[in-house]
Every structure is written in structure tokens, then in C-alpha cells.
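# Per-entry structural report
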Amino acid sequence: QTASTQRACGPATCGAWAFSTEAERSAEKLMELMTHSPAMQQMMLATLPPGLRASPEMIKTMLADPGVKKKLVEMISKQGMKLPTGILDKMNASHMDDTVARLSRA
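Cut-offs used in this document
- Residues numbered from 1 in each chain as written.
- Predicted model: local features only at pLDDT ≥ 70, side-chain atom pairs only at ≥ 80, totals over all residues.
- Heavy atoms only, no water.
- Helix = DSSP H or I, 4+ residues; strand = E, 2+ residues; numbered from the N terminus.
- Buried < 20%, exposed > 50% of the residue type's maximum accessible area, 1.4 Å probe, protein only.
- Contact = heavy atoms within 4.5 Å.
- Areas by Shrake-Rupley, 256 points an atom, 1.4 Å probe, with all protein chains shown as cover.
- pLDDT = per-residue confidence, 0-100.
- Core = buried A, V, L, I, M, F, W, Y, C linked by side-chain atoms within 4.5 Å.
- Salt bridge = Lys/Arg side-chain N within 4 Å of Asp/Glu carboxyl O.
- Polar contact = N/O pair within 3.5 Å; in protein donor to acceptor, adjacent residues only side chain to side chain.
- Expected span 1.5 Å × (residues − 1).
- Axes fitted to C-alpha atoms, helices over the stretch in contact; angles between N-to-C directions.
- Parallel < 35°, antiparallel > 145°, perpendicular 65-115°, else oblique.

## Focus: the overall build of the protein
Check the secondary structure of the protein and you find six helices and two strands. Going from N to C terminus, the protein has its helices and strands arranged as β-β-α-α-α-α-α-α. Across the 106 residues in the protein, those meeting the buried criterion constitute 33%. Restricting the contact set of the protein to residue pairs at least 6 apart, pairs at least 24 apart contribute 50%. For the protein, the exposed surface amounts to about 6,500 Å²; the carbon and sulfur share of it is 60%.

## Things to note about the confidence of the model for the protein
On average, residues of the protein score 75 in pLDDT, and 77% of them are at 70 or above. Per-element averaging of pLDDT across the protein places strand S1 (residues 13-14) at the bottom with 43 and helix H4 (residues 66-78) at the top with 87. Confidence drops under pLDDT 50 across residues 1-17; counting only partners more than four residues distant or on other chains, this segment forms 36 contacts.

## Observations regarding the nonpolar core
In terms of nonpolar packing, the biggest core is built from 19 residues, with Met31, Met34, Met44, Ile59, Leu63 and Met96 touching the most fellow members. Secondary-structure elements contributing two or more residues to this core are helix H1 (22-36), helix H2 (38-45), helix H3 (57-64), H4 and helix H6 (93-105). Those residues in contact with Met44, other than ones at most four positions away along the chain, are Met34, Ile59, Leu63 and Leu72.

## Overview of the pattern of salt bridges
Counting across every chain of the model gives four salt bridges. Put simply, Glu28 and Lys69 hold a salt bridge, and the shortest N to O gap is 3.9 Å. Residue Glu28 is located in helix H1, and its partner Lys69 is located in helix H4; the two are separated by 41 residues in the primary sequence. Classification of Glu28 by relative accessible area gives buried; the value is 8%. Judged by relative accessible area, which is 11%, Lys69 ranks as buried.

## Brief notes about the side chain of Gln41
One can find Gln41 in helix H2. Gln41 sits in the buried class, given a relative accessible area of 8%. There is a polar contact of 2.8 Å between the side chain of Gln41 and the backbone oxygen of Thr35. What Gln41 contacts, discounting residues up to four positions off in sequence, is Met34, Thr35, His36, Ile59 and Lys60.

## A look at H1
For an α-helix, the turn length of 3.6 residues means that residues three or four places apart are oriented alike. Between its terminal C-alpha atoms H1 stretches 22 Å, which fits the 21 Å expected from 15 residues at 1.5 Å a residue. Within H1, burial applies to Glu24, Ser26, Ala27, Glu28, Leu30, Met31, Leu33 and Met34.

## Description of the packing of H3 against H4
At their nearest, the axes of H3 and H4 sit 5 Å apart, and the two run at 90 degrees to each other. As judged from the angle between their axes, H3 and H4 are roughly perpendicular. Every residue of H4 that contacts H3 at Met62, Leu63 and Ala64 is listed here: Pro66, Val68, Lys69 and Leu72.

Written out as C-alpha cells, the structure is:
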């Protein structure tokens, strides 16, 4: 538990954790999109160890676990990626899948 995440749940939450920094909120929004985006789940699946890649359900199971989701959000937010919250707020899983498909063809 860190001071930045030990807060009451609010609009940007991960399980029982509320994220307070912009990087954490952006990372949480990205995780939410991943939860509902089959294309993003396929990309994540490719990063898992070989024994876990057999089942696409593994990603859904991982993202459903608040502890795992919290860790992933922390890892993404620490990467220092500049994820514009305004753009992420307008995105949905379908938009994410379309973006991944376009990038795959490029």
C-alpha cells in the first residue's frame, strides 16, 4: 500500500484501490480498455510465459483479479508513458481493436 493508492474508491479505481496520479488514472483506463478488447488481450497473451499462452481466458482471469490489475496499473504508470487522459476517456474497446488492427497492418 502506498500513500498515493491508499484512498477511498472513486471514479478511477482498480479493485479496492483508487489511483490518484494522472499516470495511474491513465494506466487504469488502459487496463479497463484491455479488459474489453480482444485485440489487446491477444497482444498481452503473446507476452505471457509459454505455459500460460494456451488459453486466451488466462488474460481475462488475470485482469479480473484486483491484485494483478493493481500491479499491472502500477507497472504501466511507472513506465512514464504519456497517455492523454482525454483521449483514453473517449476510447472504447471497439476503438482499441480498430487501432490495434491498423497498427498491425502498418
